[in-house]
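Spelled out from the first residue to the last, the chains are:
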Amino acid sequence: MAQSAVAVRRALHSHPELSWEEVETQRTILERLRRLPLEDVRAVAGTGATALLVGKKREPCVLWRADIDALPIPERSNLPFASRVPGVMHACGHDAHTAIALGIAEYLSGRREDLPGSVRFLFQPAEEASGGAERCVAEGVLERPNVARVLGLHVSADLPLGTVNVAPGPFFAAPTSLGIRIRGRGGHAASPHQGIDAVVVAAHVVVALQSVVSRMTSPLESVVLTIGQVRAGYRGNVLAEEAELRGTVRTYRDSVLQQTLANVERVVSGVTAAFGAEYELEHRTTCPPLENDAAVAQLVREEAEAFFGPGSVVATPSMGADDMAVFLRHRPGCYFWLGARNERRGIAGRHHDPGFAIDEDVIALGIAFGARLIERSLRDLSSP
């Protein structure tokens, strides 16, 4: 079963598809789901998929969620199953999430007569682009039957294989995208005094923004502000008349987010005014912070220690973001990291990087541990 799941992962890795374009990925998922004794096998949210495994009863119902989309990143590896799509790569492990979920569905299908409830499997599109989770909820994946608990995992290139990271409460941050457009005045590079160099203004803005977190935010709060993209200019001997900055803000609390955005605007306004430039600022929060239910997180911790052994569990929240948060706003549940790093085998890539890599042994571990969590959840939810 694990070998089959690894083969699926490699096939998906070779043919990655971006958010809202997961057509062949969806076809592969639906084909495999239709081989199993499942109900309600269908497309959802355009390019996603879902199916229902019914045990002794339809309720209680646990939802297991896996995301399926890739990233616009060129792969740099010598793997025989490396991406064949130029500029697109599974650089975050969603191919492994999909393979694990399919493996859990296959495993539990052979044990369905022992399940006291049902399992809704959800293969969600567009986690990276945002909007996929909301559309799945709008199309009723949490209903018919009513979902009582939501579970899911994310493989981690930072944690050693056989390690679980889980904690109650805020576990992933809310992501807010930033866009800053600076307008100066163009001119010849030999006469900089005649223009307003948008590149220089942008450089001062980037540096000044570093003070928003370090000097304007309480050190007791968790905030990240990163400018990841700068675009400006036509050529080397022309003053840039415009510059565009794009970045992200990550926070756990709305009040902190609002204060951070206010500080960003104050800094940008002051710096651009000092140089005689103008600016436009836009921002958009794409999903809420991800908050794990305390009781379900404790269940995951207990099962992880029993399955992987003492000392296998850590509790370190992340400033990353994941729209699993949307499902956890509607139902109690838990999302956790499952270690997939193995430095002894030279597997030590980073997320969202062309060199991202995982130890594929994590797939068998994910199937076994995920099935264990679902079975425990259904037993607990069925108890009087």
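If you're wondering where the values come from, they're calculated on a predicted model, not measured in any experiment.

One open sheet accounts for eight strands, arranged 1-2-4-3-5-16-6-15; its pairing is mixed. The open sheet has two edge strands, strand 1 (39-44) and strand 15 (313-314), and neither has a second partner. Both strand 5 (residues 147-160) and strand 16 (residues 333-341) contribute to a ladder of eight bridges, which runs parallel. Paired with V150 across the two strands is G333, which belongs to strand 16. Along the sheet face, helix 7 (residues 294-308) touches strand 5, strand 6 (164-165), strand 15 and strand 16 and points at about 30 degrees away from the line of strand 16.

Let us now look at helix 5 (residues 198-216). Helix length check: helix 5 (19 residues) gives 25 Å between terminal C-alpha atoms against 27 Å at 1.5 Å per residue, within 8%. Buried residues along helix 5 sit against strand 8 (174-183), strand 10 (223-232), strand 12 (242-251) and helix 6 (254-275).

In this structure, strand 1 lies alongside strand 2 (residues 48-54), joined through four bridges in antiparallel fashion. Paired with R42 across the strands is T50, a residue of strand 2. With antiparallel pairing between neighbouring strands as the criterion, strand 1 and strand 2 make up a hairpin whose turn holds three residues, including A45 at a positive phi of roughly 55 degrees.

What follows deals with unusual backbone geometry. For the bond from E59 to P60, the omega torsion is 5 degrees, close enough to zero to count as cis. Tracing the backbone shows P60 in the loop between strand 2 and strand 3 (61-67). Residue R144 is joined to P145 through a cis peptide bond whose omega torsion reads 0 degrees. Along the chain, P145 falls in the loop between helix 4 (132-138) and strand 5. Even without being glycine, D40 reaches a positive phi, approximately 50 degrees. Tracing the sequence through the fold places D40 in strand 1. According to the relative accessible area criterion, D40 is partly exposed, its value standing at 34%. Phi at S130 is positive, roughly 85 degrees, even though this residue is not glycine. Tracing the chain through its elements places S130 in the loop between strand 4 (118-124) and helix 4.

Conventions we followed
- Residues numbered from 1 in each chain as written.
- Predicted model: local features only at pLDDT ≥ 70, side-chain atom pairs only at ≥ 80, totals over all residues.
- Heavy atoms only, no water.
- Pairing = 2+ DSSP bridges.
- Helix = DSSP H or I, 4+ residues; strand = E, 2+ residues; numbered from the N terminus.
- Contact = heavy atoms within 4.5 Å.
- Axes fitted to C-alpha atoms, helices over the stretch in contact; angles between N-to-C directions.
- Expected span 1.5 Å × (residues − 1).
- Buried < 20%, exposed > 50% of the residue type's maximum accessible area, 1.4 Å probe, protein only.

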